[in-house]
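Structural overview
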Amino acid sequence: MENENFIDILKDVWSSNVQGCTMFSVVQKLKKLKSRRKDLNLSHYSDISFKVKNHKSLLDSIQSSLQSDPLNENLLLEENAYVIHYKKLIMLEENSLRQKSRINWIDLGDDNNRFFCNSVKIRRCRNRITKLFNADGSVLDSQEAISESMVQFYKNQLGEKAADTTYIGPNIVDFGPKVNEDNSIMLTSAVSPDEVKATMFAIKRGKAPGPDAIIPKNASPNSLNDYRPIPCCNVILKCITKIISSRLSTCVGSIINPSQISFIHGRRIIDNVLLAHELVHDYHCFKGRSSCAMKIDLSKLMTLLSGTF
């Protein structure tokens, strides 16, 4: 949104008339905005690094002329204009490289272009999947085979659709803890424009507006088990889930057992880590009835359970 024309483009697209339901209208407007943004990027920011180098050479030429004629007012004004535009191009180049590198802990304006450029190269090499080992040990080295293997892998994890869905009975719900009436009204109330705005502005700059992909768990991934899927959803679903999460965070602690301390606001996961450490450390000192400790891998518990479980 740093370009002065972006707001006008956004207003023009969003004020256009689209026939259909609200969600269809939003999706169609986002598609139009994406197309207009591509045109804006092509006209102003394509080959930005080449533009920076070309502008730098022109600026050097003007400054060389100024050394021969330092009192020339026309050259001084021209140099000043080129310097302002050159600084703008440098900032745009750095911003573009930063978004591609996904480096968030360095501020813009510190001339980190070389660092960002190297980070982009490293990130692209790390995320490029050129070879995978299948479940039977065979090697997949073509993009078509790797893509098919990925689709099948996650289809197997999601399982099959249940023939008959068993709904939870009200007696089971009444048996457990429930939110109070005030929280129930808050959770089911209509989403306000201010809530949507606060949620969207809470998303960090440079985040992917569209579906994401998978990221490696280690330095040398060989199979799909070595990759971690991250949310494959667009910005609309990200906004919806963030609103739901924000609402739930205010009341979920009152209905979840105190022993569950991860991902609950006000509770610390390190408490259970310390408790487990103390138990295992003195486990050999326990006397009385026999007992044992079990380590259970729950990495994909929710995705592997069937709907009828």
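Residues numbered from 1 in each chain as written. Predicted model: local features only at pLDDT ≥ 70, side-chain atom pairs only at ≥ 80, totals over all residues. Heavy atoms only, no water.

1. Some words on the overall build of the protein
Stated formally: Per the convention used, a helix needs a DSSP run of H or I reaching at least four residues, while a strand needs a run of E reaching at least two, with both numbered from the N terminus. What sets the accessible areas is the Shrake-Rupley method with a 1.4 Å probe; for residues, cover comes only from the shown protein chains.
Across its full length, the protein holds 12 helices and 4 strands. For the protein, the accessible surface area stands at approximately 23900 Å², while carbon and sulfur atoms represent 58% of it.

2. So, the packing of aromatic side chains
Just so we agree on the cut-off: Within 6.5 Å between ring centres, the rings of Phe, Tyr and Trp (the latter by its six-membered ring) count as paired, and their orientation is classed by plane angle as stacked under 30 degrees, edge-to-face over 60, tilted in between. The rule is short: NZ of Lys or CZ of Arg within 6 Å of the ring centre and within 35 degrees of the ring normal puts a charge over the ring.
Per the stated rule, a full pass over the model turns up 0 aromatic pairs. K29 extends its terminal NZ or CZ atom over the ring of W14, reaching a point 5.7 Å from the ring centre. The ring of F201 carries K197 above its face, with NZ or CZ at 5.8 Å from the centroid.

3. Looking at the pattern of salt bridges
Our working definition: Definition used for salt bridges: Asp or Glu carboxyl oxygen within 4 Å of a side-chain nitrogen of Lys or Arg. With a 1.4 Å probe rolled over the protein chains alone, any residue whose accessible area is under 20% of its type maximum counts as buried; one over 50% counts as exposed, and the rest are partly exposed.
Under the criterion given, the structure shown has 4 salt bridges. Residues K56 and D60 are paired through a salt bridge, measuring 3.0 Å at the closest nitrogen-oxygen approach. Remark: D60 and K56 occur in helix α3 (residues 48-68); sequence separation between them is 4 residues, near one turn of the helix. The closest approach of N and O atoms between R268 and D271, which form a salt bridge, is 3.3 Å. In this structure R268 comes out as exposed when scored by relative accessible area, which is 53%.

4. So, the packing of helix α9 (residues 193-202) against helix α10 (residues 235-249)
Quick note on the threshold: Every angle, taken between N-to-C directions, lies between 0 and 180 degrees, and every axis is a line fitted to C-alpha atoms, over only the stretch in contact when it is a helix. Should an angle fall under 35 degrees it is called roughly parallel, over 145 degrees roughly antiparallel, and 65 to 115 degrees roughly perpendicular, with every other angle called oblique. Any two residues whose heavy atoms approach within 4.5 Å are treated as being in contact. Under the grouping applied here, Gly and all other residues not named as nonpolar or charged are polar, the nonpolar ones being Ala, Val, Leu, Ile, Met, Phe, Trp, Tyr, Cys and Pro and the charged ones Asp, Glu, Lys and Arg.
One can describe the packing of α9 onto α10 by two numbers: an axis separation of 10 Å at closest approach and a directional angle of 105 degrees. Of the possible angle classes, the one that applies to α9 and α10 is roughly perpendicular. The residues of α10 that touch α9, namely those facing E195, V196, T199, M200 and A202, are V235, C239, K242, I243 and R247. In terms of residue class, the contact of α9 with α10 is built from 6 nonpolar, 1 polar and 3 charged.

5. Quick word on the side chain of K29
Quick reminder of the rule: Positive residues here are Lys and Arg, negative ones are Asp and Glu, while His and the chain termini are left out of the count. Whenever a nitrogen or oxygen atom comes within 3.5 Å of another N or O atom, the pair is scored as a polar contact, on the condition that within protein one atom can donate a hydrogen and the other can accept it, and that pairs from neighbouring residues in sequence are kept only if both atoms are in side chains.
Its place among the elements puts K29 in helix α2 (residues 22-44). The side chain of K29 sits in the buried core without any salt bridge; D12 is the nearest counter-charge, 11 Å away. A distance of 3.0 Å separates a polar atom in the side chain of K29 from the backbone oxygen of W14. Leave out the neighbours within four places in its chain, and K29 touches V13, W14, S16 and V18.

6. Description of the environment of W14
Summarising the element assignment, W14 is placed in helix α1 (residues 6-14). Separated by 19 residues in the primary sequence, W14 and L33 place their C-alpha atoms 8.3 Å from one another.

7. Some points on the side chain of D226
Within the secondary structure, D226 is located in the loop between β3 (214-216) and β4 (227-229). Polar side-chain contacts of D226 include one of 2.9 Å to the backbone nitrogen of N222. For D226, the residues in contact, after removing those within four places along its chain, are I215, P216, K217, N218 and P221.

8. With respect to a nonpolar patch on the surface
Let me state the cut-off plainly: Patch membership needs two things, relative accessible area over 30% and no salt bridge, and members are linked within 9 Å if like-charged or within 5 Å if nonpolar (Val, Leu, Ile, Met, Phe, Trp, Tyr).
Residues M23, L237, I240, I244 and L248 make up a contiguous nonpolar surface patch of about 420 Å² in total accessible area. Per element, the largest residue contribution to the nonpolar patch is 4 residues, and it comes from α10. In this structure, I244 sits in helix α10. The exposure class assigned to I244 is partly exposed, which follows from its relative accessible area of 45%.

9. Observations concerning α3
We apply this condition: For a helix, the expected span equals 1.5 Å multiplied by the residue count minus one. Arc definition: it is the arc formed by the directions from the helix axis to the C-beta atoms.
With 21 residues, α3 extends 31 Å from end C-alpha to end C-alpha; this agrees with the ideal 30 Å at 1.5 Å per step. By the burial criterion, the buried members of α3 are I48, V52, H55, L59, I62 and L66. Viewed end-on, α3 has its buried residues packed into an arc of 95 degrees, placing them on one side of the element. Of the exposed residues in α3, those oriented more than 90 degrees away from the buried face are F50, K53, Q67 and S68.

10. Observations regarding the packing of α1 against α2
What counts is decided by this rule: Working rule for handedness: look at the near helix, and if it is turned counterclockwise from the far one by less than a right angle, call the crossing left-handed; if clockwise, right-handed.
Here α1 crosses α2 at 150 degrees, and the two axes come no closer than 9 Å. Classified by the interaxial angle, the pair formed by α1 and α2 is roughly antiparallel. By crossing handedness, the relation of α1 to α2 is classed as right-handed. Residues F6, I9, L10, D12, V13 and W14 of α1 touch α2, and the partners they reach there are V26, K29, L30, K32, L33, R36, R37 and L40.

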